Amino acid sequence: MSSNRKCRFHVNVSDTEDKLVQSLSDVLKRCSSQALENAKTFRVGLSGGSLVQLLTSALVSSGLDTKCWQFFFCDERYVAQDHNESTYWAYKTQMLTKLPNILDSQFIKADTSVSLDKCASDYAERIVNEFGTSCPVFDLLLLGMGPDGHTCSLFPEQPANLAETERLIIPIRDSPKPPPERITFTLPLINNAKDVVFVVTGASKSDVVKRVFAGMDKKFPSAWVEPTHGQLTLIADSAAGETFLGQTCHCAHETN
Ligand SMILES: O=C(O)[C@H](O)[C@@H](O)[C@H](O)[C@H](O)COP(=O)(O)O
């Protein structure tokens with residue numbers, strides 16, 4: 001276990017999907033009520049993949065009031081908005097159909113009809129406009145992680161992207177995970193968030209969970225996620241999180 005993590009770090013390993021969904025609901029409840037104490041909008045960044053279904057289940061089972069929530073995309077695939085590989089489309093077809101109270105207008109989408117570079121710069125501009133500042137602080141980012149340790153569309157094969165210090169959103173070409181063209185949040189935007197939560201499931205990720213969250217092995221992009229003033233949480237099932245089994249809360253180097 002590493003003890004030199006700079007941010008607060010919590011781990012929650014669940015042995016059933018129901019319990020994992022409950023942990024996710026608890027985080028949503030905590031973060032949304034904290035945000036809405038001081039602001040009119042709760043702003044969440046979403047990832048794709050398995051999170052779509054898990055978040056849908058968490059919102060359905062918790063019955064949380066989402067009318068003041070706004071959803072952004074931590075990464076998006078550069079395909080048409082109604083393409084079956086679009087992350088927005090996955091939420092539209094899988095989440096909005098089960099949660100009719102959430103309006104399409106609550107999603108801040110990327111415009112994938114323009115060039116890839118423009119799509120990235122334009123999405124950054126949308127975010128800056130929504131937040132009214134050039135240094136946006138998300139209330140919550142929900143991240144996934146691949147078995148290769150990628151998160152958002154930051155891949156281990158493209159380490160230069162981890163060095164980005166200026167842009168909030170960058171275009172990605174030749175992504176090892178299809179589709180090849182994407183846009184993604186960069187580390188400065190990710191690490192400026194108040195709460196960053198990884199939701200990771202499946203035995204194929206158990207080794208990388210250990211190497212990223214216990215070993216903090218910087219070979220993996222996910223290990224670079226350390227909110228500067230915020231909190232990091234890992235929600236995992238027991239297959240992915242076996243390293244942390246039995247630890248309800250692993251708080252390494254609490255700094256507040
Ligand atoms: O474009 C995507 O697929 C994602 O946004 C990606 O970053 C995803 O979050 C991880 O690959 C984990 O996906 P799974 O949870 O489905 O393994």
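Definitions and cut-offs
Residues numbered from 1 in each chain as written. Predicted model: local features only at pLDDT ≥ 70, side-chain atom pairs only at ≥ 80, totals over all residues. UniProt positions renumbered as here; feature names shortened; annotations may be inferred. Helix = DSSP H or I, 4+ residues; strand = E, 2+ residues; numbered from the N terminus. pLDDT = per-residue confidence, 0-100. Contact = placed C-beta atoms within 7 Å. Axes fitted to C-alpha atoms, helices over the stretch in contact; angles between N-to-C directions. Parallel < 35°, antiparallel > 145°, perpendicular 65-115°, else oblique. Nonpolar A, V, L, I, M, F, W, Y, C, P; charged D, E, K, R; others polar. Near = placed C-beta within 6 Å. Buried ≥ 20, exposed ≤ 12 C-beta atoms within 10 Å, placed from the backbone. Pairing = 2+ DSSP bridges. Expected span 1.5 Å × (residues − 1). Arc of directions from axis to C-beta.

The name that an unreviewed UniProt entry assigns to the protein chain is 6-phosphogluconolactonase, with the source organism given as Drosophila grimshawi. Quoted verbatim from the Pathway (unreviewed entry) field of the UniProt record, the comment on the protein chain reads "Carbohydrate degradation; pentose phosphate pathway; D-ribulose 5-phosphate from D-glucose 6-phosphate (oxidative stage): step 2/3." In UniProt, the protein chain has this text filed under Catalytic activity (unreviewed entry): "6-phospho-D-glucono-1,5-lactone + H2O = 6-phospho-D-gluconate + H(+)".

J.: What should I look at first to understand the environment of Asp139 in this one?
T.: Here Asp139 lies in the loop between helix H4 (116-131) and strand E5 (140-143). In this structure the C-alpha to C-alpha distance between Asp139 and Met95, which are 44 residues apart in sequence, comes to 20 Å.

J.: Can you help me understand the confidence of the model for the protein chain in this one?
T.: A low pLDDT score tells you not to read the predicted coordinates there in detail. Counting all residues, the mean pLDDT for the protein chain is 95, and 95% of those residues have values of 70 or more. Across residues 252-256, confidence stays below pLDDT 50; counting only partners more than four residues off in sequence or on other chains, it has 14 contacts. Complex prediction metrics read pTM 0.95 and ipTM 0.97.

J.: What should I look at first to understand the packing of helix H1 (residues 17-38) against helix H2 (residues 51-62) in this one?
T.: Each pair of packed helices gets described by two things: the angle between the helix axes and the distance between those axes. Here H1 crosses H2 at 70°, and the two axes come no closer than 9 Å. Judged on the interaxial angle alone, H2 and H1 are roughly perpendicular. On the side of H1, the interface is formed by Val21, Leu24, Ser25, Leu28 and Lys29, while H2 contributes Leu54, Leu55, Ser57, Ala58, Ser61 and Ser62. Its residues placed into classes, the contact of H1 with H2 shows 6 nonpolar, 4 polar and 1 charged.

J.: Help me understand the site of the ligand, please; the structure alone is not making it clear to me.
T.: Around the ligand, the surrounding shell holds 13 residues, and the nearest of these are Ser47, Gly48, Gly49, Ser50 and Gly144. Here the residues of the shell around the ligand are counted per class, giving 3 nonpolar, 8 polar and 2 charged.

J.: Honestly, the pairing of strand E7 (residues 182-185) in this entry has me stumped. Any pointers?
T.: The side chains of a regular strand alternate between the sheet's two faces. Residues Arg182 and Thr184 point to one face of E7 and Ile183 and Phe185 to the other, with burial holding for every one of them. Pairing analysis gives 3 bridges linking strand E4 (residues 75-77) to E7, with the strands arranged antiparallel. Bridged to Glu76 within E7 is Ile183. Here strand E6 (residues 169-172) runs beside E7; their pairing, made up of 4 bridges, is antiparallel. Bridge pairing links Ile170 to Thr184 in E7.

J.: Please explain H4 as it appears in this structure.
T.: Structurally, the α-helix is built with 3.6 residues per turn, so residues lying three or four positions apart point the same way. The terminal C-alpha atoms of H4 lie 23 Å apart, and with 16 residues this matches the ideal 22 Å at 1.5 Å per residue to within 8%. Taken as a whole, H4 has its buried residues at Cys119, Ala120, Tyr123, Ala124 and Ile127. Mapping the buried residues of H4 onto a view down its axis gives an arc of 130°, with all of them on the same face. Structural note: H4 exposes Asp117, Lys118, Glu125 and Asn129 on the side pointing more than 90 degrees away from its buried face. Looking at the buried residues of H4, the elements they touch are strand E3 (69-73), E6 and E7. Following H4 by one or two positions, Gly132 adopts a phi angle in the positive range, close to 70°.

J.: Just to check I follow, could you spell out the pairing of strand E2 (residues 42-46) for this structure?
T.: The buried fraction of E2 is high, at 5 of 5 residues. Relative to E3, E2 runs parallel, the two being bridged by 5 bridges. Bridge pairing in E3 places Phe42 opposite Trp69. The sheet contact formed by E2 and E5 spans 2 bridges and is parallel. Its bridge partner lying in E5, Val44 is registered against Leu140.

J.: What is the right way to read the sheet that holds E6 from this model?
T.: What links the strands of a sheet is backbone hydrogen bonding, and the strands pair in either a parallel or an antiparallel sense. Taken together, 3 strands build an open sheet; the order of strands is E4-E7-E6 and the sheet is antiparallel. A strand with exactly one partner marks an edge of an open sheet, and here the two such strands are E4 and E6. When the angles between neighbouring strand axes are averaged without regard to direction, this sheet yields 15°. On top of the sheet, H4 reaches E6 and E7; it is set at about 160° to E6, its chief contact.

J.: Help me out: how do you make sense of helix H6 (residues 206-214) in this one?
T.: When H6 is considered as a whole, its buried residues turn out to be Val208, Val209, Val212 and Phe213. Across the axial projection of H6, the buried residues extend over an arc of 105°, all falling on one side. Against strand E8 (195-200) and strand E9 (231-237) lie the buried residues of H6. Following H6 by one or two positions, Met216 adopts a phi angle in the positive range, close to 45°.

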